[in-house]
Every structure is written in structure tokens, then in C-alpha cells.
Amino acid sequence: MTSPHEIVVVPHTHWDREWYEPFQRFRLRLVALLDEVLDTMEREPGYHFTLDGQLACVDDYLEVRPEQRDRVAALVESGRLAVGPWQILLDEFLCSGENIVRNLELGMDRADKLGGAMPVGYLPDMFGHTAQMPQILRKAGLLHACVYRGVPSSVVTDAFAWVAPDGTAVRAQYLPIGGYGNGAHLFEDPAHTAERAAVFTRRMREWHGPEGALLAMYGTDHSAPVRGLPGMVAAIGARMDTLSGYLAAYGDGGSVEGLPRVQGELRSHARANILPGVISVRAHVKQAMSRAERMVERYAEPLAALWGEQWPGRFLDMAWWRLVDASGHDSVTGCGVDETAQQVAARIAEAEHLGHAVRDMVTARLAAAVPAGGVLVVNPTPAARRGVVHLDVAGHDPLVDADGAPVPVQPLEYAPTLLLDEEMDPATALTFVHGTELYGQHITGWSVEDGTLTFEVAREPRAAFDVAEVRGAVEGVTRVRIVAEPRRTVAALVEVPPLGHTSLRPAARAAEHASLEGVRADGRVLDNGLLRVEVAQDGTLTLTSAAGVTLTGAARVVDGGDVGDSYNHAPPARDRVVSAPESAEVTPVCSGPLVAALDVRRVYRWPAAGAGIEGTPALPAPARTDATEEIVVDTRVELRAGEPFVRLRVEFDNRCADHRVRLHVPLPEPASVSHAEGQFAVVTRGLTAEGGCGEEPLPTFPASSWVAAGGVAALLEHVTEYELVDGRAWGGTEGGEGTELALTLLRSIGYLSRNRHALRPEPAGPQIPTPAAQSRGPRAVTLALMPYEGGWEAVPPAAEVFRHDLLPVPGTGDPSLALPPAAPGLSVTGDGVVMTSLRVRDDWKELRVVALSPEPVEAVVRGSFTRARHTDLRGRPGEPIAVSDGALRLPLRPWEIATIQLGD
């Protein structure tokens, strides 16, 4: 028998909301489990239960059993049932930092309505942890974290101080020897509970030390409470509690004094699998997630906050619900069955649609003040922009701004003007007319001449149209023509205020803009004065910056085998790596002066599939088939005036299986570290990953919006897996330096998990086929490459421009209107200062910024506000901030996340 209360037993369930079964099938089991939890806890007053740190379990249950809300709330209020603080247990690397904050905000707010959230940042099964999580937790009022995966070998105690880049620390409760199921075996055999408790105590004392209670997490995946457990717990001299009840012994202050310190992200393989292949599997889901987050975070919310009328809170709430739901650690990761991935993708698409609708509602209001035929241009970034935007405009006249000044323009494409010219019964043609609409445009005029009925159409209606008049004039007509007004797509160089808008329109008597020294194309060369790009015979690129930083052989496409699963990459024992195309050709697209582009087409023969990969000893070592597929890889290489980076769009039809496709970028200088942006931080990583648990520690890492090493940065549209490799060795590194940056474009696999995996000794889940995870069909990835000098500090502003295009919106106002003047919204300036959120909360505009800087910086915020105050991540107000003439100065610590509220 152990001494009294030496062990604290925390009954719980770890609930994978969707994984090897889709959400609704798992929910059926969840409802049965929670029915049993409520009955058991009411029958046995000593029972405590921790509901996995995510309120989604409660919401999913109450949607089916709404009549049980009071029972749930009573148990939460009593402190016996612990819920929250998260809305859902997320994957921290595959969503934005803002998504993490909204997840916590949503879970805590909803838990408060049931009696209060568990005050612990419970992170039991995430595949590693982001660097800024301690700061996020602290700024939401949480002083404790609880973690399992990713903890480095330097941690030899069951608690440590987890320190964010800004110096913020939380007390982290580590779950050694079995993770969130370290006590699951205690009561398996009632005849041997005392013996099992003694073994547990001996093993845990090695981590915990001689004093204090030991944490026994009694539960596992989808586990239900055991009847009679309070009696069994008492029989071994232990006590039962929730996780927060156990941690209460360490005080409300979450003291970290005397604890070993661990800085930054937790991505070690030393003690548990972190399953890094989830970064790159089902890449289209990651693309969709990033696109939807940007639509909501950087277009819908800020524009609605600054330029909308009534705040569309319910629409935005629905968008965030779906984004948070999709961020689950078995959801956006893509490591579930195909049905799960399908549902996650639909959820993300809905979030994007909601954000898109809000954005368009706001811009439609602004566009009503712009005359029809003009164009509104909106800037989604909080800094003034002078950039290229693609416009669709009528006619051939030059463009002018609201001051009548000419705007630099480059024609790109002309729309057809003759839409129909056929022998036709006019009565048939008139059935095509719906009101004033014909062939998707509006009838602006008509005539009959020499037996031909001619309709003139345009994008905007201009006059009343009476179809009866036409019917009375078509006698003898045998031919019908539809002629559209001339329209063109142009590139325009536009100056737009921060988070503001401007407008343009064609003007018949406008002066042409003076010649512009912008970008030019000459054969295989693009040059804009900031960057020179040359296409080699094999289709790769040589980039040379204005400062002379040069890299040669960029954008080489490398295809290799992957006989792993959705969790871990695994090259076949007998791989066939293809890096050289069979042919390459270059086609000019446009030659400047604002945009110059080339199309590069490369043809490869890639092995069709893996061979011998079913995981049985009787089969030969995994290899790749002799059969091949012809794969055409098209790359649009685009350089714009004023941009120090080249934009790439890589497209191919994936007709192969069991492989990984990476884009290789040679480094101007060999590098021993990389720098990558993600979730409010810039993380510096080496060339290796720490191993120890058995899983092969491949040094593949996630980057959210950019990654930089050795003088070149890749600007990214979505979270992307990358690795620094030695190009001479085709993977890995030699001599402690990397010579190439390898970016994963596609990873095709056919199983959720493999029972036999070359780089992971144990299954990560059931061996279920996932044919859709082969990701066959058309694939496209957009990114940019940027050589740079010195440190990475020049990269974040370029990434802001690359990821957030200026937004053109057709004017819809009266054609006689004058163009409205350019109007600024809100500006945020400061070295390394990045805006991550701007929204309305309780009649205040709430702004969140982060200092991506290793040094203290000052953010300067300017706009139409007269008062300001600090707030925490939950919107609870703090100290006021001085405002002078619509501006405030906000000192920031290195890497600080700051939230402020602005009022009129």
C-alpha cells in the first residue's frame, strides 16, 4: 500500500473528434460515453473526470442531448467535471497563430457559461508545440501547461519551465512514461492494484522527486469511466481529482522557480513520436486552410472593422467556428481516413466562403461610390503599398486616379468582342434575353441592318431595354450578331494607403504615363533592377539580386519514392530519384514594363507507384515500379516591377502513387541553420532533429509564411514542409552544412498508418487504406524566391506583400460620379512589427500585433481613434494608452504579442 495521497488519479478520456472514422460516427460513440460519464458521476459522488481539455466534446454532446445541459453545468460548477480551455485540441503548426488564439478564446468563453474552464493549457497529444504557446497561455490567464510529445531529452523531471521567445514562462507538467495514459494500467487487475501502484510510484519518483503527489492520468483514447473507481483509488491510498485539481498544489501563480528551463518550440523525437509527415500529407487541405485563414483574418475582419457599417459578427463567428473545428490534430493534419479529410476540406471551404462574403459585402459598399467603369483598389495590409494589380477595364483609354494623374498600365489580354455571328431565327435569339441580360452581359443597344440583328452588350447596364421593340423590327432577319464593348486585362501600378482604398478609371483625354523603367524580358531573362532571373536549358533558374547575391539551379524538381503513411515519410529501400527532365522549353508570356513572365515546361518520367510496400515479411524490400508515367511540370516564372522576389506557380497532373515531390533551391552560401516564420515567431533550427524514441528524427520542419537560409528565402502561400539538405548527397547533410533548401510540393501515400514502417517502429494508428491521400490529379503550388543579404529581417515585409494581394473591385456607382479620393484606414509601422488581427469587439476596434524582432521595437499605430487601452487575449481591458492626434506609440519587447483596443 502506498502512503496516503501519494498518487493523484485523474480519470479522463482522450477524444479524437474525427480520425479513423469520420466525425459523426465518432460522435455516436461520444454521446454514449458522456451518458455514462454523467450517470457514473451522479451515482458515485467521489468521481472526478477531465474531459480532454476541449469543449468540442461538450458541444457535440449537447447538440444531440440538449436536455442534459444542466447536468453538465452542475458537475462543472462543482469542480468535479473539468472542461476546456480549448474549443478543440488543435495541431499547433498547421494553423495560424490567430487561429490558436481564437480557439482558446472560444473554448474559454463557452466553458465559462457552463461554470468555468479548466485553468490548464492541456496539450496532451499535439505533434509538437509552437514556440509562442507559453506567451499565448499566459496572456489568456493560464499559468500551467500539460504536454507529452516534443519534450527534449534534457528534461529529466515531470515539470519544467517552458519559456516563450519573449521570456514568458509557464509551468509545464510533462507526462512521462506513457503520456496521457501513464496510469491507465493501474486498475486492470484488481488483485494486483497495490503491486501496480508500487511499481508506478517507483518509476514516477525518478521523474518527480521524493516529495509531492504523483500524477496518474487514468484514461486513453475514447475511454469511458470505470464504475467503482473511487473505491479502487481509495484502496491504494490515492485520491481522485481533475487535472486542475492536481496542479492546484503548485499554486495559482504557476511558479517556475527552480525548474529546468526549456526555450521555444518542442519538436524533439527523444521521448515520443511527433509524426512530422502530417505537415505535407494532403497538401491541398493545408493550402485551403491557409487561404481561408487569410481571407478571414486579413481581408474580411479588418475591412469590416474599418469600412463596414454594422459589424457582421455572426458571419465571422461562423467562419471562425469552422476554422477552429478544422484545426484539430487529426483534422487539418490529414492523418485520418479519406471521409474525414473530405469533411475537413468542406469545413475549411465554408469558412473561406463566409469570409469572402463578408469581404465582398464591405467592398461592394465602397464600390458603390466608384463610377461604373472605374475600379476600386483595396489594400489589406497596414502599410502604404505601391504595387501591381491586375484589372479588368473597358475600352482602350489610359487610366487615371482620383487626382487625374495617369497610372502606369501594361496591357495583358484583350477579351473577344464578337460573341456570336450566326444564321439564326431571331425568335430563337430573343429567348436568350433575360431582362437586359444576354450572354452574361447587359444589352446597351441594338440595330437591324441588311437582314442582321446586332446586339451591343457591356458589363454594366446603361439604358432601358424593351424586348418588344426588337420583336417588332425583326421581320426579314436571318442572322444574329452579339458584339461586346472592348475590354482588356491590364497590370496597373497603383499606390494605396494602409488598410485603405483608392480608385481608377479610364479617361479618354488623359495623358499617357511617362515611360517606366520597370521590368523587362529578353529571351530567357527577366530583370526589374532589383532581381535578375535567367532560365537555364534544364528549366532551372539563376537568380541575382541587386546586391550581387546569386543562386544557380533554383526550382529543380526532385521526385523520390515514399512508402510511408500519413504520419511519416519513408523512402523505399531501393529508391529511384528523378531530378532531370527529359526535355525543357521556355515560352514568353509578357515582357513588361510592370509584369514580365515566362512559362517553363519540363517533361519527366516518374515511377508510377511503389512496389513491395504492403508491409509483410514475405514481400521484397520496398522499391518503385519499373513502369513510369510521363509528367509535365509547368512553371510560370513572373517578375513584377518593384518586387525583390520572383513569383513561381508550379503545376502538374499527379498520375503517380507512393512518392514525394520537392522543389530544390540551392543556397547562395552553405548554411547550418534555417529561419522559419510560424505562429507569432521566427524559429531558428539546425540541420538535425533530436531522436531517441525510435521514430527516425527526419529534420523536416514546418514553415508558415516563409523560410530563409544561406541568403535565400522562400515566400509561401501555406504551411510547407522544408529541409536543408546537401545537394551533393541528395538528402541529409555533410560536414554540418546544408547547400539546398528542399520544399515539399506533394507527398502521395496510400495508408493512414502502416503496421510495418521503415522509419517508425510502432504503428501510429490502424492500417486503413487512404487512396485519396495519393492526391492524384492536377496540383498547383504558388511561392516566391528572394535572395537577400545579411539577416532574415528583410523577409517578413516581402512575405506580407506576396501573401496579401491588392484587391480590385469593379465600380458600381453612377457613371457620372467623380472618383472618390484615396482614403487611409489604419497604419501600423515599426521594424519587425506585423499585424495579425483587426476586428470589432464590444464597440472597440481590437488590434493585435507581434514584434518579429530579437530586439525591443516600437509600434506606431495611426488612424481615426481618440482613445486606446491594453487588453489580454480574451479581450479583458487593461491600462489605457496615450493617444495624440490619432496616433499611439506602443513599446514592444522582443517577440511580444500585444493586443490593444481603439475607440472613437
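Now for a description of the structure that goes with this document. Owing to the predicted nature of the structure, the values given are computational and were not obtained by experimental measurement.

## Quick look at the overall build of the protein
Consideration 1: A tally of helices and strands in the protein yields 14 helices and 51 strands.
Consideration 2: Here the protein has a C-alpha radius of gyration of 30 Å; the compact-globule value for 904 residues is 29 Å, and the two agree.
Consideration 3: Projected onto its principal axes, the C-alpha positions of the protein cover 105 × 60 × 60 Å.
Consideration 4: Counting only residues that meet the buried cut, the protein has 60% of its 904 residues in that class.
Consideration 5: A sequence separation of at least 24 residues applies to 75% of the contacts in the protein between residues at least 6 apart.
Consideration 6: Per element, the accessible surface of the protein, about 33600 Å² overall, is 51% carbon and sulfur.
Consideration 7: Here the protein contributes 83 positive and 118 negative side-chain charges, whose respective centroids are spaced 2 Å apart.

## Focus on the packing of aromatic side chains
Consideration 1: Inspection of every chain in the model, using the stated rule, returns 15 aromatic pairs.
Consideration 2: Following the ring pairs from residue to residue traces out a cluster consisting of Trp15, Trp19, Tyr20 and Phe26.
Consideration 3: For the cation-ring pair, Arg17 lies above Phe23, with the distance from its terminal atom to the ring centre recorded as 4.4 Å.
Consideration 4: When the ring centre of Tyr250 is taken as reference, the NZ or CZ atom of Arg171 above it lies at 3.7 Å.

## Describing the pattern of salt bridges
Consideration 1: One pass over the structure, following the stated rule, counts 57 salt bridges.
Consideration 2: Here Arg25 ties to Glu21 by a salt bridge, and the two come within 3.6 Å at their closest N and O atoms.
Consideration 3: In this structure Arg25 comes out as exposed when scored by relative accessible area, which is 51%.
Consideration 4: Accessibility expressed as a relative area gives 16% for Glu21, which makes it buried.

## Concerning the packing of helix α9 (residues 283-307) against helix α11 (residues 338-367)
Consideration 1: Contact geometry for α9 and α11: axes closest at 8 Å, N-to-C directions at 30°. Judged on the interaxial angle alone, α11 and α9 are roughly parallel. Where α9 crosses over α11, the handedness of that crossing is left-handed. Where α9 abuts α11, its residues Val285, Ala288, Met289, Arg291, Ala292, Met295, Val296, Tyr299, Ala300, Leu303, Ala304 and Trp307 lie against Val344, Ile348, Ala351, Glu352, Gly355, His356, Val358, Arg359, Val362, Thr363, Arg365 and Leu366.

## So, empty space enclosed by the protein
Rolled over the atoms, a probe with the dimensions of a water molecule shows which regions are left empty.
Consideration 1: On inspection of all chains with the given rule, the structure shows 11 cavities of 30 Å³ or more.
Consideration 2: What the largest cavity holds in volume is close to 440 Å³.
Consideration 3: Taken together, 27 residues make up the lining of the largest cavity; nearest its centre are Ser96, Glu297, Glu677, Ser705 and Arg803.
Consideration 4: Mapped by element, the contributors of at least two residues to the lining of the largest cavity are α4 (97-112), α9, α14 (795-803) and β45 (833-841).
Consideration 5: Looking at the lining of the largest cavity element by element, the count peaks at 5 residues for α9.
Consideration 6: Its residues assigned to classes, the lining of the largest cavity shows 10 nonpolar, 9 polar and 8 charged.
Consideration 7: Computed from the structure, the second largest cavity encloses a volume of approximately 70 Å³.
Consideration 8: Residue lining of the second largest cavity: Phe93, Thr130, Ala131, Glu265, Ala676, Glu677, Gly678, Gln679, Val683, Arg685, Pro702 and Ser704, and that is the complete set.

## Considerations on the sheet that holds strand β13 (residues 399-401)
Consideration 1: One open sheet holds the 4 strands; their spatial order is β13-β21-β11-β43, and the pairing between them is antiparallel. Each of the sheet's edge strands pairs with one partner strand only, and the pair in question is β13 and β43 (807-810). Averaged over all adjacent pairs, the angle separating strand axes in this sheet is 30°, with direction ignored.
Consideration 2: In this structure, strand β11 (residues 375-378) lies alongside β43, joined through 4 bridges in antiparallel fashion. The residue of β43 that forms the bridge with Leu376 is Val809.
Consideration 3: Strand contacts of α11: β11, β21 (501-506) and β43, with the helix running at about 60° to β43, the strand carrying the most contacts.

## Focus on the environment of Phe652
Consideration 1: Looking at where Phe652 falls in the secondary structure, it is placed in strand β33 (residues 646-654).
Consideration 2: Linking Phe652 and Ser96, residues 556 residues apart in sequence, is a C-alpha distance of 28 Å.

## Regarding the side chain of Arg839
Consideration 1: One can find Arg839 in strand β45.
Consideration 2: For Arg839, a relative accessible area of 7% corresponds to the buried category.
Consideration 3: Looking at Arg839, its side chain comes within polar contact range of the side chain of Glu105, at 2.6 Å.
Consideration 4: If sequence neighbours within four positions are ignored, Arg839 has contacts with Arg102, Glu105, Glu301, Ala305, Trp311, Trp844, Lys845, Glu846 and Arg848.

## Considering the layout of surface pockets
Consideration 1: Roughly 550 Å³ of volume is contained in the largest pocket.
Consideration 2: Around the largest pocket sit 20 residues that line it, and Arg294, Arg647, Phe802, Arg803 and Asp805 are the ones nearest its centre.
Consideration 3: The set of elements that each furnish at least two residues to the lining of the largest pocket consists of α9, α11, β32 (628-640), β33 and α14.
Consideration 4: With 4 residues, the top contributor of residues to the lining of the largest pocket is α9.
Consideration 5: When grouped by side-chain class, the residues that make up the lining of the largest pocket number 6 nonpolar, 2 polar and 12 charged.

## As for the packing of helix α1 (residues 23-43) against helix α2 (residues 56-64)
Consideration 1: As a packed pair, α1 and α2 sit with axes 9 Å apart at the nearest point and diverge in direction by 90°. The angle between α1 and α2 places the two elements in the roughly perpendicular class. In contact with Phe23, Arg27, Leu30, Val31, Leu34, Asp35 and Leu38 of α1, α2 contributes Cys57, Asp60, Tyr61, Glu63 and Val64.
Consideration 2: Taken together, the residues that form the contact of α1 with α2 break down as 8 nonpolar, no polar and 4 charged.

## Quick look at unusual backbone geometry
Consideration 1: In this structure, Pro85 follows Gly84 across a cis peptide bond, with omega equal to 10°.
Consideration 2: Tracing the backbone shows Pro85 in the loop between β3 (81-82) and α4.
Consideration 3: For the bond running from Gly592 to Pro593, omega is 15°, close enough to zero to count as cis.
Consideration 4: Relative to the helices and strands, Pro593 is located in the loop between β28 (583-591) and β29 (595-607).
Consideration 5: In the Ramachandran plot, Ser775 falls in the positive-phi region, its phi being about 55° despite a non-glycine side chain.

## Quick word on the sheet that holds strand β10 (residues 261-263)
Consideration 1: An order of β4-β5-β7-β6-β10 is seen for the 5 strands of this open sheet, with the pairing classed as mixed. Looking at the sheet topology across the chains shown, the edges are occupied by β4 (121-123) and β10. The average angle at which neighbouring strand axes cross in this sheet is 30°, direction not considered.
Consideration 2: Strand direction decides the pairing type here: strand β6 (residues 159-163) and strand β7 (residues 169-174), joined by 5 bridges, are antiparallel. Bridging from a neighbouring strand, Ala161 pairs with Arg171 of β7.

The rules behind the values
Residues numbered from 1 in each chain as written. Predicted model: local features only at pLDDT ≥ 70, side-chain atom pairs only at ≥ 80, totals over all residues. Heavy atoms only, no water. Helix = DSSP H or I, 4+ residues; strand = E, 2+ residues; numbered from the N terminus. Rg over C-alpha atoms; globule rule 2.2 N^0.38 Å. Buried < 20%, exposed > 50% of the residue type's maximum accessible area, 1.4 Å probe, protein only. Contact = heavy atoms within 4.5 Å. Areas by Shrake-Rupley, 256 points an atom, 1.4 Å probe, with all protein chains shown as cover. Lys, Arg positive; Asp, Glu negative; His and termini not counted. Charge placed at Lys NZ, Arg CZ, Asp CG, Glu CD. Phe/Tyr/Trp six-rings, centres within 6.5 Å; stacked < 30°, edge-to-face > 60°. Lys NZ or Arg CZ within 6 Å of the ring centre and 35° of its normal. Salt bridge = Lys/Arg side-chain N within 4 Å of Asp/Glu carboxyl O. Axes fitted to C-alpha atoms, helices over the stretch in contact; angles between N-to-C directions. Parallel < 35°, antiparallel > 145°, perpendicular 65-115°, else oblique. Left-handed = near helix turned anticlockwise from the far one by under 90°. 1 Å grid on protein atoms, 1.4 Å probe; cavity = no way out; pocket = protein on both sides within 12 Å on 5 of 7 lines; lining within 4 Å. Points joined across faces, edges and corners; volume = space filled by probe spheres on them. Nonpolar A, V, L, I, M, F, W, Y, C, P; charged D, E, K, R; others polar. Pairing = 2+ DSSP bridges. Polar contact = N/O pair within 3.5 Å; in protein donor to acceptor, adjacent residues only side chain to side chain.

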